[in-house]
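A look at the structure
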Amino acid sequence: MENNKSFAEFMNESTVPQKQSSEMTMMEIYVDMVLNEILIKHRKEKLLIAINDALDQKDQKAFMEYSKELNTLKDTHGV
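Okay, so let's go over this structure. Counting of residues starts from 1 at the beginning of each chain's written sequence and follows it residue by residue. Selection of residues for local features in this predicted model requires a pLDDT of at least 70, selection of side-chain atom pairs for listing and counting requires 80 or more, and totals for whole chains, interfaces and linings are taken over all residues. Side-chain measures here rest on the full set of heavy atoms in the structure, leaving out hydrogens and waters.

Before going further, it helps to examine helix α3 (residues 60–77). Going along the chain from the N terminus, every DSSP run of H or I of four or more residues is numbered as a helix, and every run of E of two or more is numbered as a strand. Given the number of residues in a helix, its expected span is that number minus one, multiplied by 1.5 Å. If you check α3, its first and last C-alpha atoms are 25 Å apart, about what 18 residues at 1.5 Å a residue would give, namely 26 Å. Turning to α3, its buried residues are Ala-62, Tyr-66, Ser-67, Glu-69, Leu-70 and Leu-73. Along α3, the residues classed as buried sweep out an arc of 160° about the axis, all on the same side. Residues Gln-60, Lys-61, Lys-68, Asp-75 and Thr-76 are exposed on α3 and point more than 90 degrees away from its buried face. Of the residues that open α3, the one with a side-chain oxygen 3.4 Å from the backbone nitrogen of Lys-61 is Asp-59. A positive backbone phi angle near 65° is found at Gly-78, which sits one or two residues after α3. The cut-offs for exposure are 20% and 50% of the maximum accessible area for each residue type, with area from a 1.4 Å probe on protein chains only; residues under the lower value are buried, those over the upper are exposed, and the others partly exposed. The arc refers to the directions leading from the helix axis to the C-beta atoms. Between N or O atoms, a polar contact is any pair within 3.5 Å; within protein, one atom must be a potential hydrogen donor and the other a potential acceptor, and residues adjacent in sequence are included only when both atoms are from side chains.

Okay, structure coming up:
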């Protein structure tokens, strides 16, 4: 897998700078929620592929790293 960034780094780079919540319209909030959901699901899919590749290559270190990140993703976002 070419991208070895942590989920936190991934989310920080991928989110648009946030306005003050009092300034956000309901539509902006909804769009932000949908985009975040898409990013989270995409990251989960990438992690599952990376885990399978690590298993195929018998790369225990990569498997543990990707599995830990997937577990963190599940704990923080319930995916």
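Past the structure itself, the notes keep going.
What follows concerns the nonpolar core. In this structure, Ile-40, Leu-47, Ala-50, Ile-51, Ala-54, Ala-62, Tyr-66, Leu-70 and Leu-73 together form the largest nonpolar core, which totals nine residues. Residue assignment for this core shows that the elements contributing at least two residues are α2 (26–56) and α3. Here the element with the most residues in this core is α2; it accounts for five residues. By definition, residues are in contact when any of their heavy atoms lie within 4.5 Å. When residues no more than four places from it in sequence are discounted, the contact partners of Leu-47 are Tyr-66, Glu-69, Leu-70 and Leu-73. Residues belong to a common nonpolar core when they are buried Ala, Val, Leu, Ile, Met, Phe, Trp, Tyr or Cys residues joined through side-chain atoms within 4.5 Å.

Helix-helix packing: each pair is described by the crossing angle between the helix axes and the interaxial distance. Only the stretch in contact is used when a helix axis is fitted, and all axes are lines through C-alpha atoms; the angle between N-to-C directions ranges over 0 to 180 degrees. Two elements in contact, α2 and α3, have axes whose closest approach is 9 Å; the angle formed by their N-to-C orientations is 155°. With respect to each other, α2 and α3 are oriented roughly antiparallel. The way α2 lies across α3 gives a crossing that is left-handed. On α3, the residues touching Ile-40, Arg-43, Lys-44, Leu-47, Leu-48, Ala-50, Ile-51, Ala-54 and Leu-55 of α2 are Ala-62, Phe-63, Tyr-66, Ser-67, Glu-69, Leu-70, Leu-73 and His-77. When its residues are assigned to classes, the contact of α2 with α3 shows twelve nonpolar, two polar and three charged. Convention used here: angles under 35 degrees read as roughly parallel, angles over 145 as roughly antiparallel, angles from 65 to 115 as roughly perpendicular, and any remaining angle as oblique. Handedness of each helix crossing follows the sense of rotation of the near helix against the far helix: counterclockwise by less than a right angle gives left-handed, clockwise gives right-handed. Asp, Glu, Lys and Arg are counted as charged, while Ala, Val, Leu, Ile, Met, Phe, Trp, Tyr, Cys and Pro are counted as nonpolar; the rest, among them Gly, fall into the polar class.

Criterion for a salt bridge: a side-chain nitrogen of Lys or Arg within 4 Å of a carboxyl oxygen of Asp or Glu. Inspection of the entire model under this criterion finds two salt bridges. Put simply, Arg-43 and Glu-69 hold a salt bridge, and the shortest N to O gap is 2.9 Å. Of this pair, Arg-43 sits in helix α2 while Glu-69 is found in helix α3, placing the two residues 26 residues apart along the sequence. Residue classification places Arg-43 among the buried residues on the basis of a relative accessible area of 2%. On the basis of relative accessibility, which here comes to 10%, the residue Glu-69 falls in the buried class.

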